[in-house]
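# Secondary and tertiary structure notes
Listed below, chain by chain, are the residues.
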Amino acid sequence: MNRNKTKKIVVLATGGTIAGLAADSDQPQNYKAAQVDVTQLLDGVVPTGLHVLTEQVAQVDSKNMSFAVWQSLLGRVAHWVAQDEVQGVVITHGTDTLEETAYFLQTVLQPNKPVAITCAMLPANAPESDGPANLKQALSWVQLRGSVGVSVVCAGQVHAGHAVQKSHSHQRNPFTSQAHVRHPDSLQIPTVAQVLSCTHWPHVALVFNHVEADGRLVRTLMAHDAPDGWVVAGTGNGTLHHDLQAALLEAQEQGAHVLRASRCAWGGVQSRDADVLPHAGLLTAVQARVALLLDLIARRS
Ligand code: SIN
């Protein structure tokens, strides 16, 4: 392991279960996320001699992650990775929307230094809390030479930030990742400055194909609060109920951007001759939604 102990590591905290507290530590399933501050999280975790700077960027349960927090986080990560004396950045985050934040940061920033997002499935005061071990691993990962870009470090595994997904709701290791995931060529990527100055984010809705998935939901929303974009999690290879497809084509004619993904966790969508709506390749539906949001921001300016 090649380490450079003269440089600094920055830890940016955003909340999550890693910062959660249970009222009764013997019942860790009953807890509140985002309670413990970054200084306490690092207590007993930072190896002697390692220079760590900390910032509490937010304190949220990640189910409530917002564009405003994304902008703050992007700004702070961009600032710190640009500092010569900073070797890498660690972000603490809830597991629930971590894959969206990881895709967002990697796509917009594509940092040339390591940025490790870590988390926990058990709150900070649970007897077997996994947070301290995950944080230690993340601190080690960002000191490795060559580990550039956004990664997710959890339960002894490292996943590429643009390819990770939460695939289990309560296992200690909830993440998997696919190989060969790439941002669709047809979608533009905004600059960091464009994202940071965005005051009015596009509205991109997500809808599923399923049994009797008619187009009512899409037509109703288009008539009342028309989204700028739709991502549809299709069945299998991104297939759609004929009426849902018709409604999405109508939405497209009205100016909305439409992107198909698959509701299957793995495999994405492969092109077919009969395709009438574009697809997001291997991206999951939530990754596709982030990709479309970014594309719409890039096209505005
Ligand atoms: C959250 O996502 O903030 C809560 C759940 C978790 O971190 O596992």
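Because the structure is predicted, anything quoted here is derived from the model rather than measured.

Within the protein, the secondary structure is distributed over eight helices and 13 strands. Its C-alpha atoms give the protein a radius of gyration of 20 Å, within 12% of the compact-globule value 19 Å for 301 residues. Overall, the C-alpha framework of the protein stretches about 60 × 45 × 35 Å when taken along its three principal axes. Every one of the 301 residues in the protein was classed for burial, and the buried ones make up 51%. Summing over all exposed atoms, the protein offers an accessible surface of approximately 13,600 Å²; the carbon and sulfur share of this is 50%. Side chains of the protein give 21 positive and 24 negative charges; the mean places of these two sets differ by 7 Å.

Residues in close proximity to the ligand include Gly-16, Thr-17, Tyr-31, Asp-61, Ser-62, Gly-94, Thr-95, Asp-96 and Ala-120, which together make up its full environment. The contact in question runs from an oxygen atom of the ligand to an N or O atom on the side chain of Thr-17, over 2.9 Å. Ala-120 places a main-chain nitrogen or oxygen 3.5 Å from an oxygen atom of the ligand. Here the ligand, which alone exposes 250 Å², has 95% of that area covered by the protein. A breakdown of the residues in the shell around the ligand according to their chemical character gives two nonpolar, five polar and two charged.

Okay, the domain arrangement of the protein next. Often, the extent of an interface is quoted as the loss of accessible area on bringing the components together. Partitioning the protein into structural domains gives domain 1 (3-177) and domain 2 (192-300). The gap between the C-alpha centroids of domain 1 and domain 2 is 29 Å. Counting from both sides, the interface comprises 19 residues of domain 1 and, opposite them, 17 residues of domain 2. On the surface where domain 1 and domain 2 come into contact, there are zero salt bridges. Here domain 1 is connected to domain 2 by six residue pairs in polar contact (both at pLDDT 80 or more).

Across a sheet, strands are paired by hydrogen bonds formed along the backbone, either parallel or antiparallel in direction. On the basis of which strands lie adjacent, the open sheet formed by three strands has the order β11-β12-β13 and parallel pairing. The open sheet has two edge strands with one neighbour each: β11 (204-208) and β13 (257-262). Averaged over neighbouring strand pairs, the angle between their axes works out to 20 degrees when direction is ignored. Note that β11 and strand β12 (residues 229-234) share five bridges and pair parallel. When the sheet's bridge partners are listed, Val-207 is paired in β12 with Val-232.

Take the nonpolar core next. With 54 residues, the main nonpolar core has Leu-12, Val-77, Val-89, Ile-91, Phe-104, Leu-105 and Ile-117 as its most contacted residues. Per element, the largest residue contribution to this core is nine residues, and it comes from helix α8 (residues 285-300). Mapping this core onto the domain boundaries places at least three of its residues in each of domain 1 (3-177) and domain 2 (192-300). If near-sequence neighbours (up to four positions away) are discounted, Phe-104 is found in contact with Trp-70, Leu-74, Val-195, Trp-201, Val-290 and Leu-294. Ile-9, Leu-135, Leu-139 and Val-142 belong to the second largest nonpolar core, which has 19 residues in total.

Looking at where Asp-96 falls in the secondary structure, it is placed in the loop between β5 (86-92) and α3 (98-109). Linking Asp-96 and Val-38, residues 58 residues apart in sequence, is a C-alpha distance of 19 Å.

We now examine the packing of aromatic side chains. Evaluated as defined, the whole model comprises five aromatic pairs. Relative to Trp-201, the ring of Phe-67 lies with its centre 4.2 Å away and its plane at 10 degrees, an arrangement referred to as stacked. Of the two residues, Phe-67 is situated in helix α2 (residues 67-81) and Trp-201 in the loop between α5 (192-196) and β11; the sequence distance between them amounts to 134 residues. Judged by relative accessible area, Trp-201 falls into the buried class, the value being 11%. On the numbers, 6.3 Å between centres and 50 degrees between planes, the contact of Phe-104 with Trp-201 is tilted. On the criterion of sequence distance, the pair formed by Phe-104 in helix α3 and Trp-201 in the loop between α5 and β11 is long-range, its members being 97 residues apart. Judged by relative accessible area, which is 0%, Phe-104 ranks as buried. Taken together, the ring pairs connect Phe-67, Trp-70, Phe-104 and Trp-201 into an aromatic cluster.

By secondary structure assignment, the location of Gly-267 is in the loop between β13 and α8. What makes Gly-267 partly exposed here is its relative accessible area of 39%. Residues Gly-267 and Leu-283, 16 residues apart in the sequence, show an inter-C-alpha distance of 8.5 Å. Leaving out residues up to four positions away in the same chain, Gly-267 has contacts with Gln-178 and Leu-282.

Rules used in this analysis
- Residues numbered from 1 in each chain as written.
- Predicted model: local features only at pLDDT ≥ 70, side-chain atom pairs only at ≥ 80, totals over all residues.
- Heavy atoms only, no water.
- Helix = DSSP H or I, 4+ residues; strand = E, 2+ residues; numbered from the N terminus.
- Rg over C-alpha atoms; globule rule 2.2 N^0.38 Å.
- Buried < 20%, exposed > 50% of the residue type's maximum accessible area, 1.4 Å probe, protein only.
- Areas by Shrake-Rupley, 256 points an atom, 1.4 Å probe, with all protein chains shown as cover.
- Lys, Arg positive; Asp, Glu negative; His and termini not counted.
- Charge placed at Lys NZ, Arg CZ, Asp CG, Glu CD.
- Near = heavy atom within 4 Å.
- Polar contact = N/O pair within 3.5 Å; in protein donor to acceptor, adjacent residues only side chain to side chain.
- Nonpolar A, V, L, I, M, F, W, Y, C, P; charged D, E, K, R; others polar.
- Domains from an automatic or database assignment.
- Contact = heavy atoms within 4.5 Å.
- Salt bridge = Lys/Arg side-chain N within 4 Å of Asp/Glu carboxyl O.
- Pairing = 2+ DSSP bridges.
- Axes fitted to C-alpha atoms, helices over the stretch in contact; angles between N-to-C directions.
- Core = buried A, V, L, I, M, F, W, Y, C linked by side-chain atoms within 4.5 Å.
- Phe/Tyr/Trp six-rings, centres within 6.5 Å; stacked < 30°, edge-to-face > 60°.

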